[in-house]
2 protein chains.
Amino acid sequence: MGEREKGVTSITVENAKLFVFDALTALGTPDVNATLTADVLIEADRRGHFSHGMNIFHKIIMDIERGICDATASPEILSESLSTAWIDGKNALGPVVADFCMNLAIKKAKECGFGVVSAKSSTNASIMGYWSEYALKHECIGMAFTNSGPTMVPTGARDAVLGSNPLAFAAPSHGSDNFSLDMATSVVSGGKIEIYRRKREPLVKGWAFNEQGILETDSEIAVKKLLLVPLGGLEAGYKGVGLSCMVETLCGILSGSRFGPFADIWSENRTEPADVGHCFMAINIENFAPYFRDRLHDLLSTHRHCEPVDFAKPVMIPGDPARLYRKKVAKQKGIRYSQQQINTCQMIANRLRIKPLQCKTSN
Amino acid sequence: MGEREKGVTSITVENAKLFVFDALTALGTPDVNATLTADVLIEADRRGHFSHGMNIFHKIIMDIERGICDATASPEILSESLSTAWIDGKNALGPVVADFCMNLAIKKAKECGFGVVSAKSSTNASIMGYWSEYALKHECIGMAFTNSGPTMVPTGARDAVLGSNPLAFAAPSHGSDNFSLDMATSVVSGGKIEIYRRKREPLVKGWAFNEQGILETDSEIAVKKLLLVPLGGLEAGYKGVGLSCMVETLCGILSGSRFGPFADIWSENRTEPADVGHCFMAINIENFAPYFRDRLHDLLSTHRHCEPVDFAKPVMIPGDPARLYRKKVAKQKGIRYSQQQINTCQMIANRLRIKPLQCKTSN
């Protein structure tokens, strides 16, 4: 048995990936597609973004089993220019589409300076920050965007007609250091509301509305119909709304996927392909002023060395909390999943008749 | 004399532009550069963005008189690829640099699908939304970014080391309708704090800090040293911080201009060139799924037709408030400036010995 404390079980990164890989290949997924999916899902958990990791895996499996996600499919280029490509994701696994598109954007950036690739008919590709960071080892800035189901309420409205559409931006600093932003355009993600409900804790006022258009703090009510507050809140919510529309324009509008109020909210009862839209960009920094990495290093460094208000809390740049979480996982020699998550994995193992998720046996 | 009420004077758009043009040409500015500057400054006022219009004109004039802005200069291409360009703004008028760069980005987008242009050694180019909207008549998505002086405080820090670095994004819908986002990455801009101070009104809690790192509502204190709260506030401020760093990466870091804590806060005592960094992008929508405009129209339409919480306040998309203000200006046959602004213009007219700003003589 593995290390268990307070209903939490540690799983090594390798074992977590192996479990995802085994389950996907048992369903007929080609090895390369299974590896891509395992890598991004477990990387999400490794960064502490649990809502985008193993937590969504049972829904991916259900979509494959229902035939609305084709785990054997590869994306196809519909049209292409020197710096652009329009992609049909063929309802393939989201990570397979994202990997294809981001590599293509980088290839175009290396050839002509800038690449933009927009894809329709994709599925959930987990954390966007994973894909934007592909660019870092190619001397490129990377950007990744995806649309999502309508859970966000425009300023002054009652209905959710926009997704919390995340955007990610990554740029290389010295060595392996980088600036990596990965954010939803709502104040908090739907996943955070769900976590508060599970813990039976009230929400912070300003995260979600109720159907009367009033800020709701009861997590039980808020989770029933997600009505997320846009980034900026009641005062400056048009900014979150605007960023969400910007992401939707680059994803659904540009690619021709489902969009805005017509996008799919990922439920376990889904019967039609999700038809998610993504957009990926790469900019070759070598085409601009020399010493990019030095300047970015200086920017990040002055930022990190700001005098903090509370000396126990050093100032961090976006991306630092994920880096810290990754170190924590390395130190504790594994990712700590809830018992509920472990149970779900056990159910998956039973149903697919694969080796169960291996708990850590030594510390 | 023009129409005057409560210390407010109406000036026709044409007369306001003529005044800016006359002042600039009196200082030796070529006609084309003076026209570009007059057009964007007065367009800012026409949209109700007074902090970026006539309000900054006296500072532009002082920079020209001191020789730190060269009103006769034209930007120069330092290096170029099919889809990218790196520009030296030559300390020219910001609008001259922005016009050059955005046209170049569009040209590249028409040739190869996507264009990105980053400029150093520029000066204030007024509202970024004016430049992103250049793309609309070319079947392109337009984006415009600029850095600005350090007035924003990273989450948990005491110092302002980031600019409120605005971003603008515009995309064409049916006819002349469009989606146009133009936003600072702080909760509110420094200009808004200044307006509250003039009106002697307290700030909303959550707009600015004081030097103790505590939220400040006294506008008199807040205006002395701008310490703006990032978009997202205390809860999700890393998002505003991240967006500000993203804009800085595309502007200062990519172009090699001054950046972050080293960027210039525009004071009347400036002695060195501002060395502002900008970035402009264009994406040719014709390279992606057909019927882009139809889809964007549907997205905007469902958004605008959401049931409002308050029936007196219809739901708007970003860009709609500026459109409404433009209509108001048309209806009242002029832009209404404060008496303080009129006095400043009179001083400029006296000093440069040009025709004073012409007030409207009929209504």
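Residues numbered from 1 in each chain as written. Chains lettered and ligands numbered in written order. Predicted model: local features only at pLDDT ≥ 70, side-chain atom pairs only at ≥ 80, totals over all residues. Heavy atoms only, no water.

For chain A, the name recorded in an unreviewed UniProt entry is Malate dehydrogenase, with Henosepilachna vigintioctopunctata as its organism. The heading Sequence similarities (unreviewed entry) in the UniProt record of chain A holds the text "Belongs to the LDH2/MDH2 oxidoreductase family." (UniProt positions renumbered as here; feature names shortened; annotations may be inferred.)

With respect to the domain arrangement of chain A
All names here are of chain A. Taken domain by domain, chain A holds domain 1 (1-72 + 333-363) and domain 2 (73-189 + 228-322). Contact with domain 1, which involves 25 residues of that partner, is made by 27 residues of domain 2. Contact between domain 1 and domain 2 buries roughly 2300 Å² in total, counting both sides, with carbon and sulfur atoms accounting for 62%. When the buried surface of domain 1 facing domain 2 is broken down by residue, Val40, Arg47 and Ile68 rank first, second and third, together holding 29% of it. (Domains from an automatic or database assignment. Contact = heavy atoms within 4.5 Å. Buried area = accessible area lost by both parts, 1.4 Å probe.)

A look at unusual backbone geometry
All names here are of chain B. Within the chain, asparagine 91 stands out as a residue other than glycine whose phi angle is a positive 55°. Following the sequence through the fold, asparagine 91 ends up in the loop between β4 (84-88) and α4 (94-112). Judged by its relative accessible area of 22%, asparagine 91 falls in the partly exposed class. Even without being glycine, arginine 200 reaches a positive phi, approximately 55°. Its location among the elements puts arginine 200 in the loop between α6 (190-198) and β9 (208-209). Judged by its relative accessible area of 73%, arginine 200 falls in the exposed class. (Helix = DSSP H or I, 4+ residues; strand = E, 2+ residues; numbered from the N terminus. Buried < 20%, exposed > 50% of the residue type's maximum accessible area, 1.4 Å probe, protein only.)

Thoughts on the relation of the copies chain A and chain B
Rotating chain A by 180° and moving it 0.0 Å along the rotation axis overlays it on chain B with an RMSD of 0.0 Å. The transformation relating the two chain copies, once decomposed into turn and shift, fits a two-fold axis. For chain A, the residue whose C-alpha comes nearest the rotation axis is Gly232(A), separated from it by 2.6 Å. Looking at the interface residues of chain A, 100% of them are also at the interface in chain B, so both copies use one shared face. (Least-squares fit on C-alpha atoms with pLDDT ≥ 70 in both.)

Let's talk about the pairing of strand β7 (residues 167-172) of chain A
Residues and elements named next belong to chain A. Most of β7 is tucked away: 6 of the 6 residues are buried. Pairing between strand β6 (residues 140-146) and β7: 4 bridges, direction antiparallel. When the sheet's bridge partners are listed, alanine 144 is paired in β7 with alanine 168. In the sheet, β7 pairs with strand β8 (residues 178-183) via 6 bridges, with the strands oriented antiparallel. Following the sheet pairing, phenylalanine 169 is matched in β8 by leucine 181. The turn joining β7 and β8, which pair antiparallel and follow one another in sequence, is formed by 5 residues; a positive phi near 55° is taken by glycine 175. (Pairing = 2+ DSSP bridges.)

Structural notes on the interface of chain A and chain B
Taken together, the contact between chain A and chain B spans 80 residues of the former and 80 residues of the latter. Taken over both partners, the interface formed by chain A and chain B buries close to 6500 Å², and the fraction arising from carbon and sulfur atoms is 76%. Between Glu307(A) and Arg158(B) there is a salt bridge; the shortest N-O distance is 3.1 Å. Our count for the chain A to chain B interface comes out at 26 residue pairs in polar contact (both at pLDDT 80 or more). Those elements giving two or more residues to the side of chain A that touches chain B turn out to be β4 (84-88), β5 (114-122), β6, β7, β8, α8 (233-255), β11 (276-284) and α9 (292-304) of chain A. By residue number, the principal contributor to the side of chain A that touches chain B is α8(A), which donates 16 residues. (Salt bridge = Lys/Arg side-chain N within 4 Å of Asp/Glu carboxyl O. Polar contact = N/O pair within 3.5 Å; in protein donor to acceptor, adjacent residues only side chain to side chain.)

Focus: empty space enclosed by the protein
Counted under the stated rule, the structure contains 5 cavities of 30 Å³ or more. Size it by volume and the largest cavity reaches roughly 70 Å³. In this structure, the largest cavity is lined by Met143(A), Phe145(A), Leu167(A), Met246(A), Leu250(A), Met281(A), Met143(B), Phe145(B), Met246(B) and Leu250(B). Taken together, the elements giving at least two residues each to the lining of the largest cavity come down to β6 and α8 of chain A together with β6 (140-146) and α8 (233-255) of chain B. (1 Å grid on protein atoms, 1.4 Å probe; cavity = no way out; pocket = protein on both sides within 12 Å on 5 of 7 lines; lining within 4 Å. Points joined across faces, edges and corners; volume = space filled by probe spheres on them.)

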